[in-house]
Amino acid sequence: SPTLRLILGDQLNPLHPWLRAPRRDVVHLLMEVRQETDYARHHAQKVIGIFAAMRAFAQQLQAQGHRVRYVRIDDPSNRQSLTANLDALVRHYRAAALEYQSPDEWRLDALLRDWSQRQSIPCRAVDSQHFLTAREETATLFAGRQQWLMEHFYRVQRRRHRVLMEGAKPAGGRWNFDADNRKRWNGTPPEPPDTRPIHDHSRLWQAIESAGVQTIGHPQAEQFRWPLNRTEALQQLDRFIEHALPHFGDFQDALSPTHHLRLFHSLLSLALNTKMLHPREVLQRAEAAWQAGHAPLPAVEGFIRQILGWREYVRGVYWAHMPGYTAHNALQHQRPLPHWFWTGQTRMACMAQAIGQSLAHAYAHHIQRLMVIGNFALLAGLDPAEVHRWYLGIYIDAFEWVEAPNTLGMSQYADGGLLATKPYVSSAAYLQRMGAPCPRCHYDAQARTGERACPYNALYWHFWLRHRQRFEHHPRMGMAYRQLDRMDATTLQALRQQAEQTLNRLDAL
Ligand code: FAD
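Please read these numbers as outputs of a predicted model, since none were measured by experiment.

Cut-off values and rules
- Residues numbered from 1 in each chain as written.
- Predicted model: local features only at pLDDT ≥ 70, side-chain atom pairs only at ≥ 80, totals over all residues.
- Heavy atoms only, no water.
- Axes fitted to C-alpha atoms, helices over the stretch in contact; angles between N-to-C directions.
- Helix = DSSP H or I, 4+ residues; strand = E, 2+ residues; numbered from the N terminus.
- Parallel < 35°, antiparallel > 145°, perpendicular 65-115°, else oblique.
- Left-handed = near helix turned anticlockwise from the far one by under 90°.
- Contact = heavy atoms within 4.5 Å.
- Nonpolar A, V, L, I, M, F, W, Y, C, P; charged D, E, K, R; others polar.
- 1 Å grid on protein atoms, 1.4 Å probe; cavity = no way out; pocket = protein on both sides within 12 Å on 5 of 7 lines; lining within 4 Å.
- Points joined across faces, edges and corners; volume = space filled by probe spheres on them.
- Buried < 20%, exposed > 50% of the residue type's maximum accessible area, 1.4 Å probe, protein only.
- Pairing = 2+ DSSP bridges.

(A) Here's a closer look at the packing of helix 14 (residues 384–394) against helix 15 (residues 400–411). Where helix 14 contacts helix 15, the axes come no closer than 9 Å and their chain directions differ by 140°. The pairing of helix 14 with helix 15 is recorded here as oblique in orientation. The two elements helix 14 and helix 15 meet at a crossing, and its hand is right-handed. Between helix 14 and helix 15, the contacting residues are Pro384, Val387, His388, Tyr391 and Leu392 on the first element and Glu400, Glu403, Ala404, Thr407 and Leu408 on the second. The residue inventory of the contact of helix 14 with helix 15, partitioned by class, reads six nonpolar, two polar and two charged.

Here you go:
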C-alpha cells in the first residue's frame, strides 16, 4: 500500500524534495474542490489560474514518472471537500500513510491537523520549503513588543541571508532607499510590454461554470494571461528584471493617469504564491542585476524589500495572530461596501480605474490597492471584515496569509496599529501628486466642499475628526490635528457636513 501525498493548489513547486525522483510507493493527490472555490467569492481568473496550473503541474509530474491522482471539479467521484476526498482515497488505495505540506492558511492547517488526528494511519506534515523564515520566527523576534516594525525584521533578514550586504554594512551605506523611490510617472520611460503567455482555457472555464462555481470579474478564458508553470514563471521573472526592474524604484509609488496595468511592477505574485518560483531565486536575480550594473541600487533594494521584507514579515504576523486576526476592527468601522465595488461604476475616476482593472485582470498594483481602494475604504469607514473578503476574492494572488495582514493591518488599521505605523489615508492632493487620473474625473480634486468636491477630501478630515481620541497624541499624526486646529468653525462645520452627506450616499458616488 502506497503513501499518499497531498499537494494543495498553492504548492506547485516542482523542486520540492518530495519530487526528486519518482517512487512507485507514493501517490500524489491534487484536487479541485468546491470547498476551495467557495470559501470566498473569487475572481474567475483566480479559479481558472489555479486549476489550470494544478493540471499542468500534475501532467508534468506524470510525464516524469510520478504517480498522480487528480480529482477534477466535475469528476463524479469528487466529494468537493478536501477531507471527504481524502477519506475516500485513503480507503481506495488502502494507504499506508498520508503526508501533506504544511498549508499557509490557518483554515487549512487546522482542518488537516484535526483530520489527521482522527486517522488510524500515520499522518505527517512536512515543510513546503518555500519561505525564508519559519512560521513562528517573527513572533519570537518581536516577543513583548507592541509595535512590530517591518524595518527591524527586514534588516535582520538582510544580514542573515546576506542580501545586498557589503560586509556588515548595507550595500550603498543605506538600508532603505524609499525616499528616492517616489517619482511621478509622466509616460516616460514607457510601461514595459506585457509579454505574459496567452492561454486558451475556455474549456476549463466551462467546466467551472457548469459546476456552479460563483465568481466575480472577467474570466478572459480565451486569452488567459498569467504564467501557469515554472518555465513561464521564470520567463516572466527574466523579462521583469530586463525591462521593469531598472525603473521599479523610481515609480514604485506611482499611479497612472491613463489605463496602465502594472507600470513597473513585476506581476510575479501568483507565481510566487503558488510556489512556482522560490523567493530566493527572485532575490538572487534582482541582486545580480544590480551587481551587473543593469539596475540601480534604489530600484533593486526597493524590490528586494518587498520580497525579503514585506512578504516574509506579513506571513509571520499572520501566524502569530491567527486565529482571530481577521475579526479585528479597532476603529469600529461598520459600513457595507458600496455596490460599485462589484462593478467599478463610480464617477471617481481613480476608483473606477482601480476597481475596473481589478475586475478585468484580477490585478491591481500595490499603490492602487493601498492608496486608492484601501484608502477610500478606510476613509469611508467600511467594515474591515467585508473589505477583507473583497480583497481575498478579487486578486489573482490573494491567499489569506498575505492578504489579511495587508488588508486588515496595513490598509485598514483594523489591528490597531500592530503592523502599520500610521493609518494609510490621504486626501486627493496625494493621489493627484502620484499621478491619479484626477484631470479626467467628474470630481474636482482641489475642492473640499460642494457638489463636485472629490470625496477623498472631506472624508479625509472627517476621518481625523472622528478618531481624534485615538490619534491626536500619536507622534506621526500631530500634523493633521494642527491643521485641523487652524481651521475656523465654519470651515470645519462645512467639512463635517460634506463628509456626512457623502457617507450617506456612498452608493451614488
Ligand atoms: P511587485 O510590486 O512587483 O512586488 C514584487 C513582489 O513582492 C510581489 O509579487 C509580492 O510577492 C511581494 N510583495 C510586494 N508587496 C508586498 C506586501 N505588501 N506584502 C507581501 N508581499 C508583497 N499581495 C499578495 O501576494 N496577495 C494578496 O492577497 C495581497 N493583498 C493585498 C491587499 C492590500 C490591501 C494591499 C495594500 C496589498 C496586498 N498585497 C497582496 C501586496 C501587494 O500589493 C501585491 O503583492 C502586489 O501588488 C503584487 O503584484 P506584483 O507581483 O506586480 O508586485
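(B) Expanded view of empty space enclosed by the protein. Summed over the entire model, instances satisfying the criterion amount to five cavities of 30 Å³ or more. Looking at the largest cavity, its volume works out to about 290 Å³. The set of elements that each furnish at least two residues to the lining of the largest cavity consists of helix 1 (34–38) and helix 2 (44–63). A total of five residues in the lining of the largest cavity trace back to one element, the largest contributor, which is helix 2. Its residues assigned to classes, the lining of the largest cavity comprises 12 nonpolar, three polar and four charged. By volume, the second largest cavity is sized at about 90 Å³. Around the second largest cavity, the lining residues are Met348, Cys350, Ala428, Leu431, Cys438, Cys441, Tyr443, Ala445, Cys454, Pro455 and Tyr456. At the level of elements, helix 16 (428–433) and helix 17 (455–466) are the ones that each hand at least two residues to the lining of the second largest cavity. Its residues assigned to classes, the lining of the second largest cavity comprises 11 nonpolar, no polar and no charged.

(C) Examining the pairing of strand 4 (residues 97–101) more closely. With five of five residues buried, strand 4 lies mostly within the body of the structure. By the alternation rule, side chains of strand 4 split into Ala97, Glu99 and Gln101 and Leu98 and Tyr100, which are all buried. In the sheet, strand 1 (residues 3–6) pairs with strand 4 via four bridges, with the strands oriented parallel. The residue of strand 4 that forms the bridge with Leu6 is Tyr100. As judged from the four bridges shared by strand 4 and strand 5 (residues 123–126), these two strands associate in the parallel manner. Opposite Leu98, over in strand 5, you have Cys123 as the bridge partner.

Just distances and angles here, no functional claims.
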